[in-house]
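# Summary of structural features
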Amino acid sequence: MDYLPLYHKLTHTNCVVVGGGSVAARKVKLLLAAGAFVKVIAPELGDELRARLAAAEITYMPRPYVDDDLSDAHLIIAATNDEAVNRRVSEAARASRLPVNVVDNAELSSVIFPSIIDRNPVIVAVSSSGKAPTLARLLRARLETFLPKRLGEFASYVGRKREEMKAAGRKLSRDQWERLVDVPPEQAEVTFAGLLQEDVPLTGWVAIVGAGPGDPDLITLRALQLLQRADVVMYDNLVNREILDYARRDAEQIYVGKKRAFASTRQEEIHDLMLVQARAGKNVVRLKGGDPFIFGRGGEEIASLTDEGIQCIVVPGITAALGAASYAGIPLTWRNLSQSVRFVTGHRARGSIEIDWNDFAKPGQTLVFYMGLFNLPEICGRLVAHGLAANTPAALVENATLPTQRVIEGTVSTLSELATRLAVTGPSTVIVGEVVRHRQKVKGSSSGEAARQSWQ
Ligand code: SAH
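Reading guide: rules and limits
Residues numbered from 1 in each chain as written. Predicted model: local features only at pLDDT ≥ 70, side-chain atom pairs only at ≥ 80, totals over all residues. Heavy atoms only, no water. Helix = DSSP H or I, 4+ residues; strand = E, 2+ residues; numbered from the N terminus. Rg over C-alpha atoms; globule rule 2.2 N^0.38 Å. Buried < 20%, exposed > 50% of the residue type's maximum accessible area, 1.4 Å probe, protein only. Salt bridge = Lys/Arg side-chain N within 4 Å of Asp/Glu carboxyl O. Near = heavy atom within 4 Å. Polar contact = N/O pair within 3.5 Å; in protein donor to acceptor, adjacent residues only side chain to side chain. Areas by Shrake-Rupley, 256 points an atom, 1.4 Å probe, with all protein chains shown as cover. 1 Å grid on protein atoms, 1.4 Å probe; cavity = no way out; pocket = protein on both sides within 12 Å on 5 of 7 lines; lining within 4 Å. Sits in = over half its atoms within 2 Å of the grid points. Points joined across faces, edges and corners; volume = space filled by probe spheres on them. Nonpolar A, V, L, I, M, F, W, Y, C, P; charged D, E, K, R; others polar. Phe/Tyr/Trp six-rings, centres within 6.5 Å; stacked < 30°, edge-to-face > 60°. Lys NZ or Arg CZ within 6 Å of the ring centre and 35° of its normal. pLDDT = per-residue confidence, 0-100. Contact = heavy atoms within 4.5 Å. Axes fitted to C-alpha atoms, helices over the stretch in contact; angles between N-to-C directions. Parallel < 35°, antiparallel > 145°, perpendicular 65-115°, else oblique. Left-handed = near helix turned anticlockwise from the far one by under 90°.

## Quick word on the overall build of the protein
Tallying secondary structure elements over the protein gives 15 helices and 17 strands in all. For 456 residues, the compact-globule estimate of 2.2 N^0.38 gives 23 Å, and the C-alpha radius of gyration of the protein, at 30 Å, exceeds that figure by more than 25%. Principal-axis analysis of the C-alpha atoms gives the protein an extent of 90 × 60 × 35 Å. Within the protein, buried positions represent 45% of all 456 residues.

Below you can see the structure in the form of C-alpha cells.
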C-alpha cells in the first residue's frame with residue numbers, strides 16, 4: 001500500500017491554497033465542504049474564487065506565495081500553473097512536516113485527493129495512488145450508481161438508533177445490524193421495530209419493481225440496487241431474462257409467468273408465494289414488465305401483502321408505451337396536434353373492450369393500446385365506426401426496445417391486415433394518432449440490430 005487512506009477532520013482548521021484559478025477553486029470547494037477556514041494566496045483570482053471572496057467564504061492574500069505563508073496551516077494545497085512555485089510550496093511544507101498536496105503531482109505531494117462519493121456521513125474514497133486518476137474517476141462514477149442517494153440519511157438514522165439503544169441498555173447483534181443495512185431506507189423504521197421484538201420472527205420486505213419494456217439498460221438505478229439486495233426474485237414472462245443477471249448470484253429466481261386463461265388463479269398463487277417468502281424473512285423483488293402500476297396488477301399485489309402486514313415498496317419502470325414510442329421514434333405528443341396521450345387496454349373484459357369509443361375516436365389525442373394485438377381488427381374498426389378518420393396514421397411496435405423490435409406503420413384501416421401479413425406475434429403496442437406521421441429517424445436508441453430493423 002503506497003498510501004494509507006485516512007479521513008481528515010478539517011472543521012475550523014486553517015488550510016492554505018496557493019493558486020487562484022479553477023483548479024484551485026475545485027480544491028477550495030472541497031475544503032469548505034469539510035468545514036475548513038481557507039486562505040488563498042495568489043496574485044489574481046479567477047471568477048469562481050472571486051465569487052467566494054465576495055461571499056466572504058475565503059480569506060485572500062493578493063500576492064505571490066512566500067515561504068513563511070504556511071506557518072499556521074493544517075493542510076496545504078499548491079494549485080498554481082507554475083511548476084517552480086508548486087515545488088517551493090511542497091518543499092517548504094515538507095520541511096515543516098505539514099501535509100501538502102500538489103494538484104496532479106503525486107511526487108511532490110505527501111497527501112493525495114481520492115475521488116469521493118459523498119453520502120455524508122458515509123464517505124467513499126477511491127484512489128489509484130496517483131497512478132491512474134481516470135480509472136479512479138470511472139470507478140467512482142460506477143460506485144455512485146450502486147449507492148442510493150439516501151444512504152447518508154439512512155446512516156445518520158442508524159447512528160441515532162445506536163445511541164438510543166445504548167442509552168436504553170439494549171443491544172442488537174451484528175446479524176441484526178446487517179439486516180437493517182439491507183432494508184430500503186423508507187422501511188428502516190418498521191424493520192427496526194421488528195428487530196426489537198425479540199421473539200417475533202423477522203419478516204422480509206417485498207419490492208414490486210418495474211423492469212421496463214425489455215432493454216435491460218432501461219431499468220432504474222433503484223431497481224438495480226434492490227435487485228442486488230434481494231434474496232428472491234420473482235419475475236413474469238414479459239421481463240427480459242437478462243435483467244436477472246443484475247441480481248445476486250445466490251438469489252433464488254422464481255418464474256411466475258401467467259397464461260391468459262388462468263390469470264386469476266395464478267394471481268392468487270403469486271400473492272401467496274410472495275407472502276410465504278417474506279414471512280420466511282426473505283427479501284423479495286417482484287419484477288414486472290414495464291411499470292407495475294400500468295396494466296400490471298401491482299396495486300392488487302401490494303394490497304394482498306399490506307393486508308397481511310408485509311412491508312411493501314413500489315419502484316416505477318418505463319412502461320411499454322414510452323419504450324415503444326422512444327425506440328420507434330414516435331413522439332407521443334406534438335404541439336397543436338396531440339394534446340393528450342391515453343394508455344388503453346385492448347383486452348376484452350366480459351367479451352368486449354369496454355371503453356367509450358366516441359370519446360376515443362376524437363381527434364387531437366394519441367392513443368396507445370396495450371394488449372391490443374389480438375383484438376386489433378375490433379379496435380381499429382370501432383374507432384373508425386365512431387368517427388375517427390380512416391386514414392389516421394397508426395403504428396404497431398412489436399418487441400419494443402429489444403433487438404427483435406419491429407415497427408409497422410399504416411393507418412387505422414390498414415394496420416390490422418399488415419400485422420397479420422407480417423406475422424406479428426410478440427408483445428405489441430399500438431400507437432394511433434397524427435403523431436405517427438412525425439416518426440423521427442433517430443438512431444442509437446436501441447441496439448444496432450433493433451435500430452437497423454426499425455429504420456429500414
Ligand atoms: N405493466 C406493463 C404492461 C403489461 S400489459 C407496462 O407498463 O408496460 C402487457 C402489454 O404490454 C402487452 O400486451 C403489450 O401491449 C405491452 N408490452 C409489454 N412489453 C412490450 C414490448 N417489449 N413491446 C411492445 N409492447 C409491449
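## Quick notes on the pattern of salt bridges
Applying the stated criterion across every chain yields a total of 27 salt bridges. Notably, a salt bridge pairs Arg140 with Glu144, separated by 2.9 Å at the nearest N-O pair. Here Arg140 pairs with Glu144, and both are found in helix 4 (residues 133-146), just four residues apart, close to one helical turn. Judged by relative accessible area, Glu144 falls into the buried class, the value being 19%.

## Brief notes about the site of the ligand
The full set close to the ligand counts 17 residues, and Ile294, Thr319, Ala400, Ser428 and Thr429 are the nearest of them. Contact distances for the ligand include 2.8 Å between an oxygen atom and a backbone N or O atom of Met371. One nitrogen or oxygen atom from the main chain of Ala400 is found 2.8 Å from a nitrogen atom belonging to the ligand. Out of a free accessible area of 550 Å², the ligand has 91% covered by protein chains. Here the ligand occupies the second largest pocket.

## A few points about the layout of surface pockets
In this structure, the largest pocket occupies an estimated 2,000 Å³ of space. For the lining of the largest pocket, the secondary-structure elements that each account for two or more residues are helix 1 (22-33), strand 5 (100-102), strand 6 (115-119), strand 7 (122-126) and helix 4. Ranked by residues supplied to the lining of the largest pocket, first place goes to helix 1 with seven residues. Taken as a whole, the second largest pocket spans an internal volume of roughly 1,600 Å³. Lining the second largest pocket are 44 residues, and of these Asn237, Leu238, Phe295, His347 and Met371 sit closest to its centre. By residue class, the composition of the lining of the second largest pocket is 18 nonpolar, 17 polar and nine charged.

## Brief notes about the packing of aromatic side chains
In the structure shown here, the tally under the stated rule is four aromatic pairs. Geometrically, the ring pair formed by Tyr235 and Tyr255 is tilted, given 5.5 Å between the ring centres and 55 degrees between the ring planes. Of this pair, Tyr235 sits in strand 9 (residues 232-235) while Tyr255 sits in strand 10 (residues 252-255), placing them 20 residues apart in sequence. Taking relative accessible area as the criterion, Tyr235 reaches 10% and is therefore assigned buried. Here Tyr255 falls in the partly exposed class, since its relative accessible area comes to 39%. Through successive ring pairs, a cluster of aromatic residues spans Phe295, Phe343 and Tyr370. Lys27 extends its terminal NZ or CZ atom over the ring of Phe113, reaching a point 4.2 Å from the ring centre. Over the face of the ring belonging to Phe360 we find Arg342, whose NZ or CZ atom lies 4.0 Å from the ring centre.

## Focus: the confidence of the model for the protein
Low pLDDT marks stretches whose predicted atomic positions should not be read closely. Here the protein averages 90 in pLDDT, and 94% of its residues register 70 or above. Within the model, pLDDT remains below 50 along residues 444-456, and this stretch shows 28 contacts once partners closer than five positions in the same chain are excluded.

## Focus on the packing of helix 6 (residues 174-181) against helix 7 (residues 188-196)
Packing of helix 6 against helix 7 brings their axes to within 10 Å, and their N-to-C directions diverge by 160 degrees. Relative to helix 7, the element helix 6 is oriented roughly antiparallel. In terms of crossing hand, the pair formed by helix 6 and helix 7 is right-handed. Residues Gln176, Trp177, Arg179 and Leu180 of helix 6 pack against Ala188, Thr191, Phe192 and Leu195 of helix 7. Grouping the amino acids of the contact of helix 6 with helix 7 by side-chain chemistry returns five nonpolar, two polar and one charged.

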